[in-house]
Amino acid sequence: PRLALLCCSGSATPSSCHTTSHYALVSPSGSSLTYNRRPSPYHLQSSSVKGILSVQTMSAEEVANAFVSHFYQTFDSSVDGLAGLYNDQSMMTFEGNQFQGSANIIQQFKKVGAVKHQVKTTDIQPSSSSNAIVIFVTGAIQIGGDNPLHFCEFFHLVGTGPGQYYVHNDVFRLNYGL
């Protein structure tokens, strides 16, 4: 899968996942983000990641918030860790320039250099199909230690199977003073 939400706790058995509220968002590269949320309607699973104790369901908001946190933490620490979130059909528009495919998108991210994101707002909506979510993020980005700039970014997550999502569309813009 491109992205999976797993119920996990140190000494848990599968049945304890129903009582714990500790979950981890895991990408194929193995990077993960642990957070405390109770699941509801979106079904996320993976059979290829160690430590899976049970399949859970989550709301679109929970999926999107976990994705946003994971995306920017991974971007800020290891851009290569984002490659598994995109596929050959993925399209990104970065400051008006379009890139298609995971390798081209990651190459563009690397050209930006060292960054630190600070997310200010996240807006989430269901998409036209039940297996997709749209996300709009605003915040500040610090590039190479310079002064922070405002940015906005749009993501369209599309499901490829139960609980499996990839970034189909990604649009990024810096917001300069008008």
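Above this text sits the structure in question.
Scoring rules and cut-offs
Residues numbered from 1 in each chain as written. Predicted model: local features only at pLDDT ≥ 70, side-chain atom pairs only at ≥ 80, totals over all residues. Heavy atoms only, no water. Helix = DSSP H or I, 4+ residues; strand = E, 2+ residues; numbered from the N terminus. Contact = heavy atoms within 4.5 Å. Areas by Shrake-Rupley, 256 points an atom, 1.4 Å probe, with all protein chains shown as cover. Pairing = 2+ DSSP bridges. Axes fitted to C-alpha atoms, helices over the stretch in contact; angles between N-to-C directions. Buried < 20%, exposed > 50% of the residue type's maximum accessible area, 1.4 Å probe, protein only. Arc of directions from axis to C-beta. Core = buried A, V, L, I, M, F, W, Y, C linked by side-chain atoms within 4.5 Å. Patch = residues over 30% accessible without salt bridge, like charges linked within 9 Å, V, L, I, M, F, W, Y side chains within 5 Å. Salt bridge = Lys/Arg side-chain N within 4 Å of Asp/Glu carboxyl O.

Description of the overall build of the protein chain
Each helix and strand counted, the protein chain has 2 helices and 11 strands in total. Its helices and strands taken in sequence order, the protein chain reads β-β-β-β-β-α-β-β-α-β-β-β-β from the N to the C terminus. If you take every contact in the protein chain between residues at least 6 apart in sequence, the share linking residues at least 24 apart comes to 46%. Put simply, the protein chain shows about 8800 Å² of open surface, and 50% of that area lies on carbon and sulfur atoms.

Structural notes on the sheet that holds strand β8 (residues 115-126)
Pairing in this open sheet of 6 strands is mixed, and the strands run β7-β6-β11-β10-β9-β8 from one edge to the other. A single partner strand is all that each edge strand has here, and the edge strands are β7 (97-100) and β8. Taken pair by pair, the neighbouring strands of this sheet meet at an average axis angle of 20°, ignoring direction. Direction of pairing for β8 relative to strand β9 (residues 132-143): antiparallel, over a ladder of 11 bridges. In the sheet register, P126 faces β9, and the bridge partner there is I133. Set on the sheet, helix α1 (residues 60-77) makes contact with β8, β9, β10 (149-161) and β11 (164-175); between it and β8 the angle comes to about 160°. Contacts between helix α2 (residues 102-112) and the sheet are confined to β6 (91-94), β7, β8, β9 and β11, with β6 contributing the most and set at about 25° to the helix.

Quick word on α2
Of all the positions in α2, only S102, I105, I106, Q108, F109 and V112 are classed as buried. Down the axis, α2 shows its buried residues gathered within 155° of arc, on one side only. Facing away from the buried side of α2 by over 90 degrees, the exposed positions are A103 and K111. In this structure, the buried side of α2 is in contact with α1, β6, β7, β8, β9 and β11. Looking one or two places after α2, you find G113, whose phi comes out positive at around 95°.

Focus on the pairing of β11
Sheet topology places β6 next to β11; 4 bridges connect them, and they run parallel. Looking at the pairing, F94 lines up with F172 of β11. By the bridge criterion, 11 bridges tie β10 to β11 in an arrangement that is antiparallel. Across the sheet, G161 pairs through a bridge with Q164, a residue of β11. Between β10 and β11, which pair antiparallel one after the other, the connecting turn spans 2 residues, and G163 there sits at a positive phi close to 75°.

Details of the nonpolar core
Nonpolar side chains in soluble globular proteins tend to be buried together. In terms of nonpolar packing, the biggest core is built from 33 residues, with F67, F71, Y86, F109, I133, I135 and F155 touching the most fellow members. For this core, the secondary structure elements donating two or more residues are α1, β6, α2, β8, β9, β10 and β11. Top contributing element to this core by residue count: α1, with 8 residues.

Observations regarding unusual backbone geometry
A positive phi angle, close to 55°, is found at E95, a residue other than glycine. One can find E95 in the loop between β6 and β7. We classify E95 as partly exposed; its relative accessible area is 25%.

Overview of a nonpolar patch on the surface
Together, F136, F154 and V171 line one region of the surface with nonpolar side chains, adding up to about 210 Å² of accessible area. Mapped onto the fold, F154 is located in strand β10.

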